[in-house]
Amino acid sequence: MNERTDIKSKQHLIGMTRSELEQFVLSLGEKKFRGRQIYQWIYQKDARSFDAMTDLSTNFRDTLPALAEIGHLTCLETRGTEETGSVKYLFRLSDGECVESVLIPDENRRTLCVSAQIGCALNCRFCATAKIGFHRNLTSGEIVDQLLYIKHATGKPITNVVYMGMGEPFQNYTAVIKAADLMSDPQGMATSPRRIVISTAGIADKIIQFTDEGQKYRLALSLNSPFQDERRELMPVTRQWNLDELLQAARYYTRISGNKLTFEYVLFAELNDTRKHALALKDILKSVNSKLNLIPYNAVDDQFKRPGPEKVDQFVQWLLPLKAGLSVRWSRGTDIKAACGQLAGEENQRKIQSGR
């Protein structure tokens, strides 16, 4: 799907590149360099109003509000957890739809989990986002504005960005890559490309495209089972791109790019946490230049359960020795439904529950 064209006459500026902003100001009868100035104010200096853009002429600043808006988002709610410091942001977009982002602070970094879609069409059985269905793709500006808004609101830099929020990033490929390019532009937000991770549930042809384009961002793949039939039940996307095709694409990516792939493996009690699963997973890890994140399941409903710490430790022992890097990620923010797999856009959920 192409990026949505806003039905309003005003032009949203977040999401526009330098050249697009140059063309925009030229269309208003201004000099080209004004577009570069606006670009710096938005992406370097976190300006949220035209009044803040003090090197623009007073007349131009007075004219802009009738023609353009800077951002896309209205923050409806923030919910934090004292235990980990994670904060979930609920945003309303210009068409009334809602989306969530999660800020995860750590000792040496501040990671933002951004959303790429409102809802999701992939229908993974364990994911809260799937339960609201697919509404639409986000534009590149709506993606970037999640970072810019939170950076401005907190007054602190965002060091890492992960596309692990609502939606499947590779089903909104063009907007996701454009947003990442804006985030990583050295003359703008200057986030290191190595600190931007794009996660996919298994869109194999887009992994190939991502590789062939030489994209510099890191890639993560949600695996969740080493067996075709089981993965197909957990993740229906496997019916279109089977596990063999997916692993071929993963090997192609690591071979051509020279980069490691991150496998994400959600652990479900008495489902994919057996010795048989661990040994089959270990064989996959041997065949792909990769590292593994084990994620004990974060509850969405009663359909699945999280294994206890002892079972998680046992699963790790079955995997060892392992050449690939391995970490267990006990997700933060479960108490505010901000952990992996729990984002659903609470305002959208309320609409569904009220029958609106």
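See the structure printed just above.
Residues numbered from 1 in each chain as written. Predicted model: local features only at pLDDT ≥ 70, side-chain atom pairs only at ≥ 80, totals over all residues. Heavy atoms only, no water.

*Asks:* Describe in detail helix H6 (residues 204-212), supporting the description with residues and values.
*Replies:* Buried within H6 we find Ala204, Ile207, Phe210 and Thr211. An end-on view of H6 places all buried positions within 115 degrees of arc, on one side of the element. If you follow the buried residues of H6, they end up packed against helix H5 (173-184), strand S10 (196-200), strand S11 (218-222) and helix H8 (243-257). Of the residues trailing H6, Gly214 is marked for its positive phi of about 70 degrees. (Buried < 20%, exposed > 50% of the residue type's maximum accessible area, 1.4 Å probe, protein only. Helix = DSSP H or I, 4+ residues; strand = E, 2+ residues; numbered from the N terminus. Arc of directions from axis to C-beta. Contact = heavy atoms within 4.5 Å.)

*Asks:* Describe the packing of aromatic side chains, and please don't skip the residues or the numbers.
*Replies:* Describing an aromatic ring pair means giving the distance of the ring centres and the angle of the ring planes. Within the structure shown, the criterion is met by 11 aromatic pairs. With a centroid separation of 4.9 Å and an interplanar angle of 40 degrees, the aromatic rings of Phe268 and Phe304 are classed as tilted. Of this pair, Phe268 sits in the loop between strand S12 (261-267) and helix H9 (275-287) while Phe304 sits in the loop between strand S13 (290-296) and helix H10 (309-319); the two residues are 36 residues apart in sequence, bridging distant segments of the chain. Taken as a pair, Phe268 and Phe304 share a single burial class, namely buried. Sitting above the plane of the Trp41 ring, Lys45 keeps its charged end 4.1 Å from the centroid. We note Lys276 situated over the ring of Phe227; from NZ or CZ to the ring centre the distance is 5.2 Å. (Phe/Tyr/Trp six-rings, centres within 6.5 Å; stacked < 30°, edge-to-face > 60°. Lys NZ or Arg CZ within 6 Å of the ring centre and 35° of its normal.)

*Asks:* Give a description of the sheet that holds strand S4 (residues 87-92) that names residues and reports values.
*Replies:* By way of backbone hydrogen bonds, the strands of a sheet pair with one another, either parallel or antiparallel. One open sheet holds the 10 strands; their spatial order is S3-S4-S5-S6-S9-S10-S11-S12-S13-S14, and the pairing between them is mixed. Either end of the sheet is taken by a strand with one partner, and the two such strands are strand S3 (74-80) and strand S14 (325-328). Taking each pair of neighbouring strands and ignoring which way they run, the sheet shows an average axis angle of 20 degrees. Pairing geometry for strand S9 (residues 160-163) and S10, over 3 bridges, is parallel. The partner of Val161 across the bridge, within S10, is Ile196. The sheet strands contacting helix H4 (residues 140-154) are S3, S4, strand S5 (98-105), strand S6 (110-113) and S9, and the helix crosses S5 at an angle near 50 degrees. Taken strand by strand, H10 contacts S12, S13 and S14, and its axis lies near 160 degrees from that of S13. (Pairing = 2+ DSSP bridges. Axes fitted to C-alpha atoms, helices over the stretch in contact; angles between N-to-C directions.)

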